[in-house]
Amino acid sequence: MSYQTADLCDAHGDRLQVVEPLFSDFGGRERFHGPIRTVKCFEDNSLVRSTLESPGNGAVLVVDGGGSLRCALLGDMLAQLGVDNGWSGVVVYGCIRDSAAMAEMDIGVRALATHPRKSNKSGEGQSDIALHFADCDFRPRHFLYADEDGIVVSEIALPE
């Protein structure tokens with residue numbers, strides 16, 4: 001991937017939202033991009049699992065976990081589902097676990113922090129809805145670009 005988020009901001013700044021720099025990099029891919037799919041859940045990763053079990057086709061899953069720091073919404077087994085099913089990356093507004101294993105996987109992962117506790121599994125949450133966190137709107141079928149400098153979101157696919 002030849003894009004850099006700084007260059008995208010310079011060339012398309014009026015068409016981009018820049019995500020607040022709250023997220024740390026945990027995946028094996030530092031750079032990832034793709035159309036956005038969304039899940040909103042709070043301390044329950046059932047929908048994260050079912051979404052990553054479906055074909056990703058290069059998409060990025062954006063998970064609004066309400067910023068909870070009390071459990072992990074993504075672990076190595078779910079990240080491996082993402083790899084196996086063709087997801088480009090996952091951005092979690094919450095925590096992940098199994099970070100050492102994820103660092104070896106061919107998937108981008110950004111999250112607020114790590115936490116060893118697993119989440120609930122009660123099937124609560126919503127999929128493919130508009131989300132807002134980190135001073136950014138994340139809408140299904142918009143595009144997310146992430147690299148070493150940050151994360152940007154565009155309504156349209158941008159030339160790399």
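This text follows the structure it describes.
Residues numbered from 1 in each chain as written. Predicted model: local features only at pLDDT ≥ 70, side-chain atom pairs only at ≥ 80, totals over all residues. Heavy atoms only, no water.

Student: Is there a simple way to explain the packing of aromatic side chains in this structure?
Tutor: Ring pairs (aromatic) are described by centroid distance and by the angle formed between their planes. Counting across every chain of the model gives 5 aromatic pairs. Look at Tyr3 and Tyr145: their rings are 5.5 Å apart centre to centre, the planes differ by 75 degrees, and that puts the pair in the edge-to-face class. Taken together, the residues span a long stretch of sequence, with Tyr3 in the segment before α1 (5-12) and Tyr145 in strand β11 (residues 143-147) at a distance of 142 residues. There is no split in this pair, since Tyr3 and Tyr145 are both buried. When the centroid spacing of 4.6 Å and the interplanar angle of 25 degrees are considered together, the rings of Phe133 and Phe138 count as stacked. The pair Phe133 / Phe138 is uniform in exposure class, with both members buried. In textbook terms, an aromatic cluster arises when at least three aromatic residues are bridged by ring pairs, as seen for Phe23, Tyr93, Phe133 and Phe138. (Phe/Tyr/Trp six-rings, centres within 6.5 Å; stacked < 30°, edge-to-face > 60°. Helix = DSSP H or I, 4+ residues; strand = E, 2+ residues; numbered from the N terminus. Buried < 20%, exposed > 50% of the residue type's maximum accessible area, 1.4 Å probe, protein only.)

Student: So what exactly am I meant to see when it comes to the pairing of strand β7 (residues 108-114) here?
Tutor: In this sheet, β7 lies alongside strand β2 (residues 24-25) in antiparallel orientation, the contact comprising 2 bridges. Counted as the bridge partner of Asp25 is Arg110 from β7. In the sheet, strand β6 (residues 89-96) pairs with β7 via 6 bridges, with the strands oriented parallel. Its bridge partner lying in β7, Ile96 is registered against Thr114. (Pairing = 2+ DSSP bridges.)

Student: Help me understand the pairing of strand β12 (residues 150-154) in this model?
Tutor: Side-chain direction in a regular strand flips from residue to residue, so the side chains alternate between the two faces of the sheet. Counting buried residues along β12, 4 of its 5 residues qualify, which places the element largely inside the surrounding structure. Pairing between strand β1 (residues 16-18) and β12: 3 bridges, direction antiparallel. For Gln17, the partnering residue across the bridge sits in β12 and is Val153. Here β11 folds back onto β12, and the loop between the two strands holds 2 residues.

Student: Help me understand the environment of Ala59, please; the structure alone is not making it clear to me.
Tutor: Residue position: Ala59 is located in the loop between α2 (46-52) and β4 (60-64). The class of Ala59 is buried, set by a relative accessible area of 4%. C-alpha separation for the pair Ala59 and Phe32, spaced 27 residues apart in sequence, amounts to 9.4 Å. Residue contacts for Ala59: discarding those within four places in its chain leaves Pro35, Arg37, Gly86, Trp87, Ser88 and Gly89. (Contact = heavy atoms within 4.5 Å.)

Student: Whenever I open this one, the nonpolar core confuses me. Can you help?
Tutor: Most often, soluble globular proteins have nonpolar side chains that are buried together. Residues Val48, Leu52 and Leu74 are the most contacted members of the largest nonpolar core, which totals 23 residues. Those elements that place two or more of their residues in this core are α2, β4, β5 (72-74), α3 (76-84), β6 and β7. What Leu74 contacts, discounting residues up to four positions off in sequence, is Val48, Leu52, Ala79, Val90, Val92, Cys95, Ile96, Arg97, Met102 and Val109. Core analysis: the second largest hydrophobic core is formed by 16 residues, Phe32, Ile36, Val62 and Leu131 among them. (Core = buried A, V, L, I, M, F, W, Y, C linked by side-chain atoms within 4.5 Å.)

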